[in-house]
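Given next are the chains, with one letter for each unit.
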Amino acid sequence: MKAKKFAELVAQGAVQGKRVFIRADLNVPLAENGSVADDTRIRASLPAIRMALEGGAAAVLVTSHLGRPKEGEPQAKDSLAPVAARMAELLGRPVRLVTDWVDGQFTTAPGEVVLLENCRVNVGEKKNNPELAQRIAKLADIFVHDAFGTAHRAEATTYGVFEYAPIACAGPLLVQEVEAIEKVVANPPRPLIAIVAGSKVSTKLTVLQNLAEKVDTLIVGGGILNTFLMAAGKPVGKSLVEPDLVGEAKAVQEKMAARGADVPLPEDVVVASEFRADAPATVKPTDAVAADEMILDVGPQFAERIAQTIEACTGAVVWNGPLGVFEFDAFAKGTERLARAIAACPGFTLAGGGDTIAAIEKFGIADQVDYISTGGGAFLEMLEGKVLPAIEILAKRAED
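Reading the values: the criteria
- Residues numbered from 1 in each chain as written.
- Predicted model: local features only at pLDDT ≥ 70, side-chain atom pairs only at ≥ 80, totals over all residues.
- Heavy atoms only, no water.
- 1 Å grid on protein atoms, 1.4 Å probe; cavity = no way out; pocket = protein on both sides within 12 Å on 5 of 7 lines; lining within 4 Å.
- Points joined across faces, edges and corners; volume = space filled by probe spheres on them.
- Helix = DSSP H or I, 4+ residues; strand = E, 2+ residues; numbered from the N terminus.
- Nonpolar A, V, L, I, M, F, W, Y, C, P; charged D, E, K, R; others polar.
- Pairing = 2+ DSSP bridges.
- Contact = heavy atoms within 4.5 Å.
- Axes fitted to C-alpha atoms, helices over the stretch in contact; angles between N-to-C directions.
- Buried < 20%, exposed > 50% of the residue type's maximum accessible area, 1.4 Å probe, protein only.
- Right-handed = clockwise from strand over helix to strand, strands pointing away.

Chemist: Summarise the layout of surface pockets; cite the residues concerned and give the values.
Modeler: The gaps left among the atoms become clear once a water-sized probe is rolled over them. Of the voids in this model, the largest pocket is the one considered here, and its volume is about 750 Å³. Of all the secondary-structure elements, those providing two or more residues to the lining of the largest pocket are α2 (40–54), α12 (354–363) and β14 (371–372). No other element matches the five residues that α12 contributes to the lining of the largest pocket. Across the lining of the largest pocket, the residue classes break down as ten nonpolar, 14 polar and eight charged. What the second largest pocket holds in volume is close to 530 Å³. In terms of lining residues, the second largest pocket is bounded by 30 residues, among which Gly 198, Ser 199, Gly 222, Gly 223 and Pro 322 are the most central.

Rendered as structure tokens:
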């Protein structure tokens, strides 16, 4: 990764007495009572903060977006207050929340950690307003990009400020994320298996096209699988499917076949007549799906077949998306068998995406996956082979 690394600056003693600004990704889900429902991203942000404190930073300023607030219209539901409270608990020290912070009308105590209120409330944030970015760039001496989940967006705090900052560098989380993904994108160990699942081919078409040129086995699931089944002439009943993308699905299969690679399709599926958690689940041969049925999971034979392939993989496995409607227990068995196989895989395993992380948590295999990415869109765009805006600007500033 061509960027100045915050860890290196700390090791050089360059952080001592400096104000450090960290763009983190603290976009966490909140419970109905307003508390943090899942603190995974907060925990992932702590190494950079601790690194700054241990390096002798004069103060540590942290900001993030939360939800989708309207610019210039702050509301209580968009506040980072619950995040500040949880961060304080995890750090074991106070974390003060500051609003109206862009012009620096606040003071900090030596060694204080300050959380700057939801940056997406600032007018001009999403469109990367250069004036806003320049104002923010005056707040600190060292700017740290540690928000991989936003690295694919060119906004004021994810891109613009790093153009104007005195020193711009990559935080430890961003470095870990990029290096983990580059491991399977740039020069992957073999065999390379990718699992790409989700509701629609259209949302992951470019990922599928890019991976079709690289992977040895491409396993598709969810609504994406239904479109591939239709492309193969299989009945899909009233399943979620995209008929207008059948041609693209065929093209992916043909590209894989031309390389001697494989897109395995299931011999059996799990169907129901209604989309309900308590709907009767029936295992059927793929060729026997009725017109009034929908495919909600892969069948046990197929799940076992691909699981054995994964459990024998000494190269790498990339996982993005559940194979079925894993939120409903009756239709979670395919995803569970996949998760167990990834946990047992002897090769390097990489997983990313919100639903994937939820499945990992549901089946309790987090400590058995080599790397779990905190990013969704950024994770997918790197798999597509794109250069993320954050990586671009940090590489440019590394030449200064």
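Chemist: Describe the sheet that holds strand β13 (residues 348–351), naming the residues involved and giving the relevant values.
Modeler: The pairing of strands in a sheet happens through backbone hydrogen bonds and is either parallel or antiparallel. As summarised here, the arrangement of the five strands in space is β8-β7-β12-β13-β14, forming an open sheet in which the pairing is parallel. Both edges of this open sheet fall to β8 (217–221) and β14, since each of them pairs with a single strand only. Where strand β7 (residues 192–198) and β8 come together, five bridges link them in parallel fashion. Each bridged residue has a counterpart across the sheet, and for Ala 197 the counterpart in β8 is Gly 221. Across the sheet, helix α6 (residues 172–185) is in contact with β7, β12 (316–320), β13 and β14; its angle to β13 comes to roughly 120°.

Chemist: Let's hear about the pairing of β12: which residues, and what values?
Modeler: Of all the five residues making up β12, five are buried; the element is thus mostly covered by neighbouring parts of the structure. Side chains of β12 alternate between two faces, with Ala 316, Val 318 and Asn 320 and Val 317 and Trp 319 buried alike. As paired elements, β7 and β12 share five bridges and run parallel to each other. Note on β12: the bridge partner recorded for Ile 195 is Trp 319. With four bridges joining them, β12 and β13 adopt parallel strand pairing. The partner of Ala 316 across the bridge, within β13, is Phe 348. Between the parallel elements β12 and β13, the chain passes through helix α11 (residues 333–344) in a crossover that is right-handed.

Chemist: So, the sheet that holds strand β10 (residues 282–285): which residues are in play, and what are the values?
Modeler: Read across the sheet, three strands follow the order β10-β9-β11 without closing on themselves; strand pairing throughout is antiparallel. The open sheet has two free edges, formed respectively by β10 and β11 (294–298), since each of these has just one partner strand. Averaged over neighbouring strand pairs, the angle between their axes works out to 45° when direction is ignored. Of the strand pairs in this sheet, strand β9 (residues 268–272) and β11 are connected by four bridges, and their pairing is antiparallel. Looking across to β11, one finds that Ala 272 is bridged to Met 294.

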